Amino acid sequence: SLRATGEGHISSIEFRNVVIKRDNTLYLEPVGQRLESPKIKQNHLYQKDQFQQKMSEMKRILEFTPIVLNKLEDEFDYASLRRAVRSTINEVAEAHPNRSEIQEILWLADSHYTLRFLMDTDISERVIFPISEWENKGIEDARFVRFIKDDGEVVFYATYTAYDGKAILPKLVETTDFFNFKIKPLYGNGAQNKNLALFPRKVNGEYVMLARIDGVNNYIMFSKNLSVWESPQLLHQPKFPWEFVQVGNCGSPLETKDGWLLI
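Report follows, based on the coordinates. Each chain carries its own residue numbering, running from 1 in the direction its sequence is written. Confidence filtering applies because this is a predicted model: local features only for residues at pLDDT of at least 70, side-chain atom pairs given and counted only at 80 or more, and all residues used for totals across whole chains, interfaces and linings. The side-chain figures draw on all heavy atoms in the structure; neither hydrogens nor water molecules are used.

As a further point, take the nonpolar core. What tends to happen in soluble globular proteins is that the nonpolar side chains get buried as a cluster. One finds F15, L115, I128, Y160, F181 and I183 to be the most contacted residues of the largest nonpolar core, which totals 18 residues. For this core, the secondary-structure elements that each account for two or more residues are β8 (113-116), β10 (154-163), β11 (168-175) and β12 (180-185). Per-element accounting of this core gives the leading share, three residues, to β10. When checking whether two residues touch, look at their non-hydrogen atoms; a contact exists if any pair is within 4.5 Å. Apart from the residues lying within four places of it in its own chain, the contact partners of L115 are P38, K39, I40, I128, I131, F179, N180, F181 and I183. As used here, the term nonpolar core means buried Ala, Val, Leu, Ile, Met, Phe, Trp, Tyr and Cys residues forming a set that is joined through side-chain atoms within 4.5 Å. Only protein chains enter the accessibility calculation, which uses a 1.4 Å probe. A residue is then buried if its area is under 20% of the maximum for its type, exposed if over 50%, and partly exposed in between. Residues M55, L81, A84 and V85 belong to the second largest nonpolar core, which totals 16 residues. A run of H or I in DSSP counts as a helix once it spans at least four residues, and a run of E counts as a strand once it spans at least two, with each numbered from the N terminus.

This brings us to the environment of Q246. Mapping Q246 onto the fold places it in the loop between β16 (233-236) and β17 (254-256). Overall, Q246 belongs to the partly exposed group, its relative accessible area being 36%. The sequence separation of Q246 and Q52 amounts to 194 residues, and the corresponding C-alpha distance is 31 Å. Beyond its immediate stretch of four places on either side in the chain, Q246 contacts R212, G215, V216 and P238.

Aromatic ring pairs: the centre-centre distance and the angle between the two ring planes describe each pair. Side-chain rings of Phe, Tyr and Trp, where Trp is taken by its six-membered ring, are said to pair if the distance between their centres is within 6.5 Å; with planes under 30 degrees apart they count as stacked, over 60 as edge-to-face, and otherwise as tilted. What the rule picks out here adds up to 11 aromatic pairs. Judged by centre distance (5.7 Å) and plane angle (75°), the ring pair of F15 and F144 falls under edge-to-face. Of the two residues, F15 is situated in the loop between β2 (11-14) and β3 (18-20) and F144 in strand β9 (residues 139-148); the sequence distance between them amounts to 129 residues. Both rings, one in F15 and one in F181, keep their centres 6.0 Å apart while their planes meet at 15°; by these two values the pair is stacked. Residue F15 is located in the loop between β2 and β3, and its partner F181 is located in strand β12; the two are separated by 166 residues in the primary sequence. On the basis of relative accessibility, which here comes to 3%, the residue F15 falls in the buried class. Given the relative accessible area of 1%, F181 is considered buried. Consider the ring centre and the ring normal. A charge sits over the ring if Lys NZ or Arg CZ is within 6 Å of that centre and within 35 degrees of that normal. Taking NZ or CZ as reference, R126 lies 3.8 Å from the ring centre of F179, over its face. Of note, K202 hangs over the ring of Y207, and the distance from its end group to the ring centre comes to 4.8 Å.

Purely geometric numbers; function is a separate question.
Right, here's the structure in full:
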């Protein structure tokens, strides 16, 4: 996977086929002749408490958020949220002519979606462009990992940073075939800032994630829920002159016979 940077420094995710030869040299296969636009679907069910928590984490608890959420069940879909937003806009139209703040409540919902690419496309022709308002200034630093589930099933996850020009939103990509992708935000006080990288399997029954929540140090987190990350623990601090003011990771760690190797 590659971070492709376009006009205005707006980033997206693209892919290449690479062959590692017997002598350890790399061969990049030719790029396809077109770009494929995927079908986009928003059919996620949202939990009201998690939705409100993430709005708060993103500093987006607005005057109208409780009004909108009070119109919804504890579990709601995208269509229900749109109706609640539209109803709230109509109720406060005269007193609050600036409706953009109410519309922002939809931004988080827009961050849950699925993508489906045509089966006759080359992997280099499938590009994940920014779709939701939260990522309209770029999809940055996707860290893909081949994850092995408890039953041996293989799934590919990637963490990336969605950027709207003011705030960042950590998000998760899931795919098994690189044709179909599920994308959603990550929650919790550990799902902040950049440098999130998932371990390639569970450890002692829990998912494990690396993070840099304060923009300076490396942290490690454990969770039963892949979407919710709390209680980050300090793992590594800048020490040497070449680390200057911050450290980070170069992606998910590698498991060796001697333990986990983190670069």
